[in-house]
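Architecture and fold: a report
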Amino acid sequence: MDAQDPQPRWKKPTVLLFVMAAAMPFSMGTWMALINNFSIEYAQFDGSDMGILQSVREVPGFLSFAVIFLLLIIKEQTLAVVALALLGLGTALTGLLPSFMGLCFTTVLMSVGFHYFETVNQSLQLQWLEKGEAPKIMGKLIAMGSACALTAYGIVYIGLEYFGLSMVWVYLVGGGITFLLAMAAWSLFPHFPEKVEQRKKLFLKQRYWLYYALVFMSGARRQIFVVFAGFLMVEKFDFSAAEITLMFLANMAINIVLAPLIGKLIAHWGERRALTFEYIGLIGVFSAYALVDSALWGAALYIIDHLFFAMAIAIKTYFQKIASPEDIAPTAGVSFTINHIAAVVIPASFGLLWLISPAIVFYAGAAMAGISLILAQLVPDSPVDGAETRITQPVSA
């Protein structure tokens, strides 16, 4: 402890980011691992019901712009912790209401917590982390989240397979851990002052248009994976909840090792090359989903698909480099809304397409990745204010 600083050295913004990164996956990991089986076995869902539920889940994400109004009365750090607690509460209650309306209620509660936390957490990361170190630390934060998600999936698997726990109890445990860690973040850390006062109003800036477009396509494409890839494993290949959890365990174990390396790779490669690699890979993965007939290959595609998620760091660091410091918090809220415009529509509408042909859904995902690939080519080698795209390079003196 520094003689001039009464706070212990661990009471730093970066440490708080790691605590919050650890808290979130216990709820989201539990919810994601069980929701397909829980909805089918307990609430008798079909593909259309699941599509509607996932659309409902994304509505709070679509309304993430409202974060900026909450920031008029509450600090970002406080809002992040409150949202975490709400996420834990919604997850803990999920197993207690096994009906269509019950799942809609708990899903909205959980989703408000998750999306508002993610919005503010992204803003805090971009404000608290230095630009040169941001990709590397974000990679480590993903690794921390993956380690905790791995623990959550382990709890799910052991609880179901070895202790015979019902999904009700597993949901209570996962949500409860997130809630307790949120309370720890509330009580153990001081409030950290803002480096730059954030603008407290909504706006769209023309010079951020490429960032908005990349975020929009990312939200549309991600829904194909989140909603339908896992559902394919259960409906087509009859995966049990324990088998789905094992697949998630593999994802998290690999991410613990690879996410920090991906962060370093983005720092070395630059955003355009990283995004190009991601989108080419996703075109191949989604096309393969449409054709796969083997449960083993389906699981392999699911794991490969998930590995590309860490590459999304590049979109965040691209924005960090081009943004005015005071724009970070309001743009985080707006970008989450943009990310969820398609997310509100795609699950329900594509759920109906699913009833016709699951392959169409995955080919659409490949097409979305193709559009993202084209957009990524406009990212400059060295993005800065005034050189946001390759067609807006500043004129040399």
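Given the structure is predicted, the values throughout are model-derived calculations rather than measurements.

Regarding helix H4 (residues 76-94)
Between its first and last C-alpha atoms H4 spans 27 Å; for 19 residues at 1.5 Å apiece the expected length is 27 Å, and the two agree. Of all the 19 residues making up H4, 14 are buried; the element is thus mostly covered by neighbouring parts of the structure.

Some words on the nonpolar core
Within the largest apolar cluster, 124 residues are counted, with the highest numbers of intra-cluster contacts made by Leu214, Tyr289 and Phe362. Residue contributions to this core peak at 18 residues, all from helix H8 (residues 209-235). Excluding residues within four positions of it along the chain, Tyr289 makes contact with Phe225, Ala229, Leu232, Gly298, Leu301, Tyr302, Asp305 and Phe362.

A word on the packing of helix H5 (residues 100-128) against helix H12 (residues 313-322)
The contact between H5 and H12 brings their axes to 11 Å, and the two run at 55°. Taken together, the axes of H5 and H12 are oblique relative to one another. Handedness of the crossing formed by H5 with H12: right-handed. Counting all contacts with H5, which are made through Gln122, Gln125 and Leu126, the residues of H12 involved are Lys316, Phe319 and Gln320.

What to know about the side chain of Thr91
Tracing the backbone shows Thr91 in helix H4. A polar contact is formed between the side chain of Thr91 and the backbone oxygen of Leu87, at a distance of 3.0 Å. In contact with Thr91, other than residues within four places in its own chain, are Ser27, Met110, Tyr171 and Gly175.

Overview of the side chain of Gln125
Mapped onto the elements, Gln125 comes out in helix H5. Excluding anything up to four places from it in sequence, Gln125 contacts Leu17, Met138, Leu141 and Lys316.

The rules behind the values
Residues numbered from 1 in each chain as written. Predicted model: local features only at pLDDT ≥ 70, side-chain atom pairs only at ≥ 80, totals over all residues. Heavy atoms only, no water. Helix = DSSP H or I, 4+ residues; strand = E, 2+ residues; numbered from the N terminus. Expected span 1.5 Å × (residues − 1). Buried < 20%, exposed > 50% of the residue type's maximum accessible area, 1.4 Å probe, protein only. Core = buried A, V, L, I, M, F, W, Y, C linked by side-chain atoms within 4.5 Å. Contact = heavy atoms within 4.5 Å. Axes fitted to C-alpha atoms, helices over the stretch in contact; angles between N-to-C directions. Parallel < 35°, antiparallel > 145°, perpendicular 65-115°, else oblique. Left-handed = near helix turned anticlockwise from the far one by under 90°. Polar contact = N/O pair within 3.5 Å; in protein donor to acceptor, adjacent residues only side chain to side chain.

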